[in-house]
Amino acid sequence: MTAPWFMFATGIENSYPTVDGGRRRIDEMEKCGHYEHWRTDFELLKELDIRYLRYGPPIHRTWLGPERYDWSFADETFCVLKDQDTVPIVDLCHFGVPDWIGNFQNSDFPALFAVYARAFAQRFPWVQLYTPVNEMFICATFSAAYGWWNEQLSSDQAFVTALKNIVKANVLAMAAILEVRSDAIFIQSESSEYFHADEPDAIGRAEVLNSRRFLSLDLNYGHRVDSGMYEFLMDNGMTREEYHFFLTNHLRQHCIMGNDYYITNEHRVAIDGRTWGSGEIFGYSEITRQYYDRYKLPVMHTETNLAQGPSGEEAVDWLRKEWANVLRVRNSGVPIVGFTWYSLTDQVDWDTALREENGHVNPLGLYDLNRNIRPVGKAYQKLVQNWRKVLPTQSVCLTVPVVRPSQFGGSHSDLQEAATRELRQPSAVPPVPDNEA
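The rules behind these values
Residues numbered from 1 in each chain as written. Predicted model: local features only at pLDDT ≥ 70, side-chain atom pairs only at ≥ 80, totals over all residues. Heavy atoms only, no water. Salt bridge = Lys/Arg side-chain N within 4 Å of Asp/Glu carboxyl O. Helix = DSSP H or I, 4+ residues; strand = E, 2+ residues; numbered from the N terminus. Buried < 20%, exposed > 50% of the residue type's maximum accessible area, 1.4 Å probe, protein only. Pairing = 2+ DSSP bridges. Axes fitted to C-alpha atoms, helices over the stretch in contact; angles between N-to-C directions. Contact = heavy atoms within 4.5 Å. Phe/Tyr/Trp six-rings, centres within 6.5 Å; stacked < 30°, edge-to-face > 60°. Lys NZ or Arg CZ within 6 Å of the ring centre and 35° of its normal. pLDDT = per-residue confidence, 0-100. Lys, Arg positive; Asp, Glu negative; His and termini not counted. Polar contact = N/O pair within 3.5 Å; in protein donor to acceptor, adjacent residues only side chain to side chain. Right-handed = clockwise from strand over helix to strand, strands pointing away. Arc of directions from axis to C-beta.

Just give me the short version of the pattern of salt bridges, but keep the residues and values in it.
Counted under the stated rule, the structure contains 27 salt bridges. Between Glu43 and Lys46 there is a salt bridge, with its nearest N and O atoms 3.1 Å apart. Taken as a pair, Glu43 and Lys46 lie in helix 2 (residues 34-48) at a separation of three residues, close to a single helical turn. The exposure class assigned to Glu43 is partly exposed, which follows from its relative accessible area of 43%. Lys46 gets classed as partly exposed once you look at its relative accessible area, which sits at 47%. Salt-bridge contacts for Glu280 lead to Lys321; the nearest nitrogen and oxygen are separated by 2.9 Å.

Okay, structure coming up:
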């Protein structure tokens, strides 16, 4: 099927930042048992009838040096994904780099990463969907502003350095992949944030933070930053030439704006600049509207979850709420093309943002770490079955067909024509009332 149906997805958690001054790597694939149970994990996708998977090879085990790779694990896993006709959204860099790169302060990283991305695309030419660098803003913030991961720095200059290197790496990787796969589509998985002033005297600080939240996507999409953010970038090490690189080298026409939303994505701001979680106030639909109004790109909800609590229904209720928000976004005219519960299985130690190794299992997955389905997994399975064919994307971005692995190698013009015909068909279902989630 080449019809661009709505992309219901999940992901396999593959964070791998370093902590403790770079001496320890937190590898979530290892902690969650994926290296041992990857075949079972892929079977669970078939049980859920999920055909799209946010997934990537562990960069620190795969990229051994400049143009040196160990593809053994990727060859095994991607071969099975291809055989079972699962569409991977390939996550090439998820919060960390190999030891030989060092960290995100290394200005050589962008060009080196582009070579790695091209090598992956050449080895797996049937892969079409990519997230070259995951959550660029969060990665730069946690590594170089909060001092939690990788370089563990806490300054504006370190943040700007990390940010410009990360986004440049993403842009160069997109260009490199397009040289191999001209119809590649890039889904930026980026955290969608909002900062609420806690009192009138905090409004100014909140406004600064609400401008800063857009920086990674502004640079990635060649969107001019506002004057305050331009001064911030220039004052903290970005040159005019570097800024103009982003204005002139963006590839937004190949992009879907993937945005992530958790209950932790909204913040309160104090007069002195301190921030802390506000819980859900605006919610996904309102914040997504703000991002869409800025970039005017098709949207995919690329991450959400909530821990299963004592009743077992907490995560299920959150799933229903997020899905209602997706329908609201769709009905307001935003081209939304997919939804993701992240991740397939529970995670480990995310309650301390991976800064501590406590072995604390976070019950966030569709399955627990014994690969038993959770209530939210059953709810998501039913949601996918009920809604898949109701929500064709009808997205301009996806008039280039999403080519399933089983179709790779066929006539591109035939696939393009078939997908275009499907897109021209009127939707069989009228807009969905928001209260029918």
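I'd like to hear about the sheet that holds strand 11 (residues 255-260), residue by residue, with values.
Strand order in this closed barrel of eight strands is 1-4-7-8-9-11-14-15, and the pairing throughout is parallel. Strand-to-strand twist of the sheet, defined as the mean angle between neighbouring strand axes without regard to direction, takes the value 25°. Of the strand pairs in this sheet, strand 1 (residues 7-11) and strand 4 (residues 52-55) are connected by three bridges, and their pairing is parallel. Along strand 4, the bridge assignment pairs Ala9 with Tyr52. Sheet contacts for helix 7 (residues 156-180): strand 7 (87-93), strand 8 (129-133), strand 9 (185-191) and strand 11; angle to strand 8, the most-contacted strand, approximately 150°. Sheet contacts for helix 13 (residues 314-331): strand 1, strand 14 (299-303) and strand 15 (336-342); angle to strand 15, the most-contacted strand, approximately 170°.

Any chance you could break down the packing of aromatic side chains for me, citing the residues and the numbers?
Geometrically, a pair of aromatic rings is defined through the distance of the ring centres and the angle of the planes. The tally for this structure, following the rule as stated, stands at 46 aromatic pairs. On the numbers, 5.6 Å between centres and 50° between planes, the contact of Tyr55 with Phe78 is tilted. With Tyr55 in strand 4 and Phe78 in helix 4 (residues 72-83), this residue pair connects regions lying 23 residues apart in the sequence. For Phe78, a relative accessible area of 0% gives the class buried. Look at Phe339 and Tyr380: their rings are 5.9 Å apart centre to centre, the planes differ by 70°, and that puts the pair in the edge-to-face class. In this pair, Phe339 sits in strand 15 while Tyr380 sits in helix 14 (residues 375-387), placing the two residues 41 residues apart along the sequence. A relative accessible area of 0% places Phe339 in the buried class. Here the basic side chain of Arg212 rests over the ring of Phe159, its NZ or CZ set 4.2 Å away from the ring centre. The aromatic ring of Trp148 is capped on one face by Arg355, whose charged end is 3.9 Å from the ring centroid.

Residues and numbers for unusual backbone geometry, please.
Cis geometry is adopted by the peptide bond preceding Ser343, which originates at Tyr342 and carries an omega value of 15°. Among the secondary structure elements, Ser343 is positioned in the loop between strand 15 and strand 16 (347-348). Look at Asp49: it is not a glycine, yet its phi comes out positive at around 60°. Of note, Asp49 is situated in the loop between helix 2 and strand 4. On the accessibility criterion, Asp49 (29% relative accessible area) is partly exposed. For Gln152, which is not a glycine, the phi torsion comes out positive at approximately 50°. With respect to the helices and strands, Gln152 occurs in the loop between helix 6 (136-144) and helix 7. According to the relative accessible area criterion, Gln152 is partly exposed, its value standing at 28%.

Summarise the confidence of the model for the protein chain; cite the residues concerned and give the values.
In this model, the protein chain carries an average pLDDT of 92, and 90% of its residues clear a pLDDT of 70 or more. Taken as a whole, residues 418-437 scores under 50 in pLDDT and shows 35 contacts with residues more than four places along the chain or in a different chain.

So what about the side chain of Arg213? Which residues, and what values?
Here Arg213 lies in the loop between helix 8 (203-212) and helix 9 (215-221). The buried charged residue Arg213 lacks any salt bridge, with Glu286 as its nearest oppositely charged partner at 7.9 Å. Polar contacts involving the side chain of Arg213 include one to the side chain of Gln290, which spans 3.0 Å. Setting aside residues up to four positions removed in sequence, Arg213 forms contacts with Phe137, Glu193, Tyr194, Phe195, Ile287, Gln290 and Tyr291.

Go over the pairing of strand 14, please, and point to the residues and values.
In terms of residue burial, strand 14 counts as a mostly covered element, since five of its five residues are buried. Bridging between strand 11 and strand 14 involves four bridges; their strand directions are parallel. When the bridges of strand 14 are listed, Gly258 appears paired with Met300. Two strands pair when backbone bridges link them, and strand 14 and strand 15 are joined in this way by three bridges, in the parallel orientation. Across the sheet, Met300 pairs through a bridge with Gly338, a residue of strand 15. Of the crossover connections in this fold, the one passing from strand 14 over helix 13 to the parallel strand 15 is right-handed.

Tell me about helix 10 (residues 227-235), and please be specific about residues and values.
Listed as buried for helix 10 are Met229, Phe232 and Leu233. Along the axis of helix 10, the buried residues cluster in a sector spanning 95°; they form a single face. Residues of helix 10 that are exposed and angled more than 90 degrees away from the buried face: Ser227, Glu231 and Asp235. Check the buried side of helix 10 and you find it contacts helix 7, helix 8 and helix 9. Capping of helix 10 at its N-terminal end is provided by Asp226; its side-chain oxygen lies 3.1 Å from the backbone amide nitrogen of Gly228.

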